Amino acid sequence: MTKRLVEQRNLILEIVLRSGWAGHLSSNMSIIEILNALYFEVMHFEGKGLSGRGSDRFVLGKGHAALALYTTLFYKGQIKHEDLYLYNSRGSSLGGHPCRHKVPGVDVSTGSLGHALPIAVGMAHSYYLQGIKSTVFTLLGDGEMNEGAVWEALLIAEQKLQGNLCAIVDCNADVTKGSNYTPALANKLTAFGWTVHECDGHDINALTKTLKKCKEGFNAVLANTVKGKGYPAMEKEPEIWHYRAVSSDDYIALSRECSI
Amino acid sequence: MNYMQRRFASITAKHLEGDSRLCLLFAGSGIVDQSYFDDISKECNGRIVDLGISEQAAIGVAAGLAVGGSIPVFHTQSPFIVERAYEQLKLDFGYQCLPGNFVGLGGSIEFTLLGPTHNCPADVGALKLIPNFEIIVPGTEDEFERLFEARLFSDYPTYYRLSRDLNSVSFDVEFGKAEIVKRGNHATIIAVGPMLQMVIEACEDLDVTILYYTTLAPFDSATLRDEFTGERLFVVEPFYCGALLADIASSLEGKVYEISEVALPIKFFDQYGLATEWNEPLGLTSQALRDKVVESIL
């Protein structure tokens, strides 16, 4: 798994290099372990593909980390390798943010922050009404937690609705380096009635153990992560690597130093 | 409850009991009477929910219900559907093209006494700019019932504008299709929803074509193009002017005509009182319309 986590990061860089388009690089790197824990260890899938009735579901709230999702879906056999390099090209199914009409395995189109959690809450309630035991996992950015609609959804879920939902927050902000973030999340989420867990967001075992505890009811997981994880240059200056293209020299230098 | 709202409530209650996919959602508005559903709320456990005064998340939840296979019906005052949560309508429903039913109370200036914060004369114009969104403006309770039944379980998001003011005559309206009320030679009049009453009173004996629209999106271009007569077009609509101009322009491309809108001007209506007290100053009376049409065709 560790080798694959390095390979996946370098694959993202390669996609950005070969496609010629910029990408939200450091934001993608902080969620690689979270997605791998979800798709390979925790989520239950039924039937063909990832969207069969009874399958657990995933909604990427921080839609700008689409490349992390696309590469995970590639490893799950949902996206062809050659299609990855059409990223952002006209007519491609893989754009800067994921689209439910175009990407197999994507149930919700995201990109504008704050939309995913309310939708995930509605999905969880729908499955509850139908007696389907699916758990909906959604992954939000800690800056995304600034959005008012997120807090409306947290209130609505706890007060009015039912279902199985786990909201994971990618806590990758470093205020000293200029990141958006939301302070005291654990206290706030607990005050809103959610069961809050916390773990190392780059430890697959810790993530798996924590997320498996969150398959019933309304849970929040604060995953402590590093923006740009795996590349010392990105970790040192994550905001410079927030959205940019990758040159051949960048790729060589970064991929040489990638380690988990 | 107004008459059209009461019809909405009775149809929705019937379908809530008959189809477990249906979910009725409110957003904490005290003006929207939810007591109609008290008798069936227990039986529809979890499917009739007041999500509180959180319209953006509430519409997001409605979208999530649709993703999960449920059919949401969202009912509150029009400004809090259309304007408060516009991005949710645009992205969660329009872009994702999810099924949903949005039933708005108090479009235009029906609640003018409450001031501009509770008015929504921009609803149709704003929703016209969201691709995939259907817009229905019925003129009677019977027309509402026909159109609501037609689209309730469709694959598209649909906005239904409830009206307090009603026409005295109902048509067997079809979704997406304009009605030809009468044919004439000297002018064409588009009447939208509850404005038909005024148009018929004004123009019944005039040699004009009257087309009646209850579906505004998708817009029936073919009927307008085929039935357009004379060189004058009047658009009589119960919302801000301009909402239908793009559709009209594309329907009548290549034709030369003069166009007049009888509609609400784009301004804030902050004088309170009753909505009907605005009719005369805005020229929204049958006499004012008749004078305008007669002057143009003489």
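See the structure shown above.
These numbers come from a predicted model, not from an experiment.

About the thresholds
- Numbers given to residues run from 1 along each chain, matching the order in which its sequence is written.
- Each chain is given a letter, starting from A, and each ligand a number, starting from 1, according to the order in which they appear as written.
- Only residues with pLDDT of at least 70 are given local features in this predicted model, and only at 80 or more are side-chain atom pairs given and counted; all residues enter the totals for whole chains, interfaces and linings.
- Based on all heavy atoms of the structure, the side-chain values leave hydrogens and waters out of the count.
- Going along the chain from the N terminus, every DSSP run of H or I of four or more residues is numbered as a helix, and every run of E of two or more is numbered as a strand.
- Using a 1.4 Å probe on the protein chains alone, a residue whose accessible area is under 20% of its type maximum counts as buried, one over 50% counts as exposed, and one in between counts as partly exposed.
- We call two residues in contact whenever any of their non-hydrogen atoms come within 4.5 Å of each other.
- Note on geometry: axes are lines fitted to C-alpha atoms, helical ones only across the stretch in contact, with angles between N-to-C directions running from 0 to 180 degrees.
- Here is the rule for handedness: rotate from the far helix to the near one, and if that takes an anticlockwise turn smaller than a right angle the crossing is left-handed, while a clockwise turn gives right-handed.
- Definition of a polar contact: a pair of N or O atoms within 3.5 Å, with one able to donate and the other able to accept a hydrogen when the atoms are protein atoms, and with sequence-neighbouring residues admitted only if both atoms are side-chain atoms.
- Pairing between strands is defined by DSSP: at least two bridges between the two strands are required.

**Student:** What's the story with the side chain of B:Thr112 in this structure? I'm lost.
**Tutor:** Residues and elements named next belong to chain B. Position of Thr112 relative to the elements: it lies in the loop between β4 (100-105) and α6 (123-127). Exposure remark for Thr112: the relative accessible area of 0% places this residue in the buried category. If we skip the residues at most four places from it in the chain, Thr112 touches Asn119, Phe269, Tyr272, Gly273, Leu274, Ala275 and Trp278.

**Student:** Please clarify how the packing of helix α1 (residues 3-18) of chain B against helix α7 (residues 141-151) of chain B should be interpreted in this entry.
**Tutor:** Packed helices, taken two at a time, are described by their axes: the angle between them and the distance between them. Residue and element names in this part refer to chain B. Where α1 contacts α7, the two axes come as close as 9 Å, and the packing angle between them is 35°. Regarding α1 and α7, the two cross each other, and that crossing is right-handed. Each of Tyr3, Met4, Arg7, Phe8, Ile11, Thr12, Lys14 and His15 in α1 lies in contact with α7, whose residues at this interface are Glu141, Asp142, Phe144, Glu145, Phe148 and Glu149.

**Student:** Please explain the environment of A:His242 as it appears in this structure.
**Tutor:** All names here are of chain A. Mapping His242 onto the fold places it in the loop between α10 (232-236) and α11 (248-257). Relative accessible area serves as the criterion here: at 26%, His242 is assigned to the partly exposed category. The spatial distance from the C-alpha of His242 to the C-alpha of Leu84 is 20 Å, given a sequence separation of 158 residues. Among the polar contacts made by the side chain of His242, one reaches the side chain of Lys227 at a distance of 3.2 Å.

**Student:** For this particular structure, what's the right way to read the sheet that holds strand β7 (residues 179-182) of chain B?
**Tutor:** Strand-to-strand pairing in sheets goes through backbone hydrogen bonds, with the strands running parallel or antiparallel. Residue and element names in this part refer to chain B. If you trace the five strands from one edge of the open sheet to the other, you get β7-β9-β8-β11-β12, paired in mixed fashion. Edge strands, defined here as strands with exactly one partner in the open sheet, are β7 and β12 (258-264). Here the average twist between neighbouring strands, direction ignored, is 25°. Note: strand β8 (residues 188-192) against strand β9 (residues 209-213), five bridges, orientation parallel. Bridging across to β9, Ile189 finds its partner in Ile210. Packing of helix α8 (residues 196-203) onto the sheet brings it into contact with β7, β8, β9, β11 (232-240) and β12, and relative to β8 it is tilted by some 150°. Packing of helix α11 (residues 286-297) onto the sheet brings it into contact with β8, β11 and β12, and relative to β11 it is tilted by some 160°.

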